[in-house]
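Given next are the chains, with one letter for each unit.
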Amino acid sequence: MTSIDIGISKAGNVVSLPLAKANRHGLVTGSTGTGKTTTLQALAEGFSRAGVAVFAADVKGDLSGIAARGDDASPLADRARALGRPFAADRFPVALWDLFGTAGLPIRTSVQEMGSDLLSRMLGLNEVQTGTLAIAFRKSDDERAWILTLDDLRWTLSDMAENREAVCEHYGNVTAASIAAIQRNILALEAQGGDRLFGEPRFDILDFLRTDDAGRGIVNLLHADRLMEAPRLYSVFLLWLLTELFRVLPEVGDLDKPKLVFFFDEAHLLFAEAPKALVSQIERLVRLVRSKGVGVFFVTQSPADVPETVLAQLGNRIAHSLRAFTPAGMKLVRATAAAFRENRG
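This text gives an overview of the structure that appears in the document. (Residues numbered from 1 in each chain as written. Predicted model: local features only at pLDDT ≥ 70, side-chain atom pairs only at ≥ 80, totals over all residues. Heavy atoms only, no water.)

Section: the packing of helix 4 (residues 116-123) against helix 9 (residues 231-248)
When two helices pack together, their arrangement is given by the angle between their axes and by how far apart the axes lie. Where helix 4 meets helix 9, the axes come as close as 8 Å, and the angle between the chain directions of the two elements is 165°. In terms of orientation, helix 4 and helix 9 fall into the roughly antiparallel class. Judged by the sense of rotation from one axis to the other, the crossing of helix 4 with helix 9 is right-handed. Residue-level inspection shows L118, R121, M122 and L123 of helix 4 in contact with helix 9, the latter providing R232, L233, V236, F237, L239, W240 and T243. For the contact of helix 4 with helix 9, a count of residues per class yields eight nonpolar, one polar and two charged. (Axes fitted to C-alpha atoms, helices over the stretch in contact; angles between N-to-C directions. Helix = DSSP H or I, 4+ residues; strand = E, 2+ residues; numbered from the N terminus. Parallel < 35°, antiparallel > 145°, perpendicular 65-115°, else oblique. Left-handed = near helix turned anticlockwise from the far one by under 90°. Contact = heavy atoms within 4.5 Å. Nonpolar A, V, L, I, M, F, W, Y, C, P; charged D, E, K, R; others polar.)

Given below as structure tokens:
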């Protein structure tokens, strides 16, 4: 199997994606209700059938249906036969994950491994507060005091406040206002359930890269309906997973098929109000993770949701209907259409 089928063009030709090109990353766009989730489901099934593991956030609970066998007498089956395409009911191996540990396997890490940059984004800190948090991490490294949970971080910040003069002398200026602001934001994150991410046992990212006994790739689905109530937590959590893949996986170059395909649904949440440093980090991560055998697909309503520097790294693009009701929207649709090569099928 060298490619996976995505759909059928108006001319009746099968539209397919070569597996060897899947690590060139991709973009799936379209207005609400135009079929992005259906496309994501078809891609996940195709990759799984080819023995490629998949990760995706199941925002609305639609994707988990691939774990159940289809119906040969369904309207979908009738539609396939009307188009002259074979249809065989099937099911795919699925692993369910849940940050909160209620609807799937829990995912845990430590505050220390999350790092100050991603945690600052998760907490919504400004530049001064981010610097204070970085000092807290550096101080813990120097003292060999591992920060496992948010409670550990809170105690570290309290210790910095009590010994602020010594901290300022050794690491740089730290204000009581910045420490207090970070502690307030920790409370807000805990109210959203973000404290569930930090603890033990530690999650191993290699658990995503599994196949079943038949050689099909496991489709790892993140239960995300509750997680979507905290958009910043959702976006940073997925970015951390992608960072872990880059950190752990060895360099493999171009493979006949990727090891894992990572779908970043609701991708606009990742870039909303993101500072330039974070966008640069994402761009670098997307560019370099290709050589680790990982393909990244961003799923969002409009290409404008993704910065141009990141958009330039996405070689595979699937565009559903893009609706525009303003002059700016029409200009965007025309620019999007111009970015696609001529459709000869």
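So, next bit.
Section: unusual backbone geometry
Note that the residue after E200, namely P201, is joined by a cis bond; omega there is 5°. A positive phi angle is found at H25, which is not glycine, with a value near 70°. Look at H25 and you get buried, because its relative accessible area is 2%. Its identity is not glycine, yet R144 carries a phi of approximately 55°, on the positive side. (Buried < 20%, exposed > 50% of the residue type's maximum accessible area, 1.4 Å probe, protein only.)

Quick notes on the layout of surface pockets
In this structure, the second largest pocket encloses a volume near 400 Å³. In this structure, the second largest pocket is lined by 15 residues; those nearest its centre are D117, S120, T130, P275 and L278. For the lining of the second largest pocket, the secondary-structure elements that each account for two or more residues are helix 4, helix 5 (127-142) and helix 11 (276-289). Here the element with the most residues in the lining of the second largest pocket is helix 11; it accounts for four residues. For the lining of the second largest pocket, the residue count by class is four nonpolar, five polar and six charged. (1 Å grid on protein atoms, 1.4 Å probe; cavity = no way out; pocket = protein on both sides within 12 Å on 5 of 7 lines; lining within 4 Å. Points joined across faces, edges and corners; volume = space filled by probe spheres on them.)

It is worth stressing that arrangement in space is one thing and function is another; only the former is reported here.
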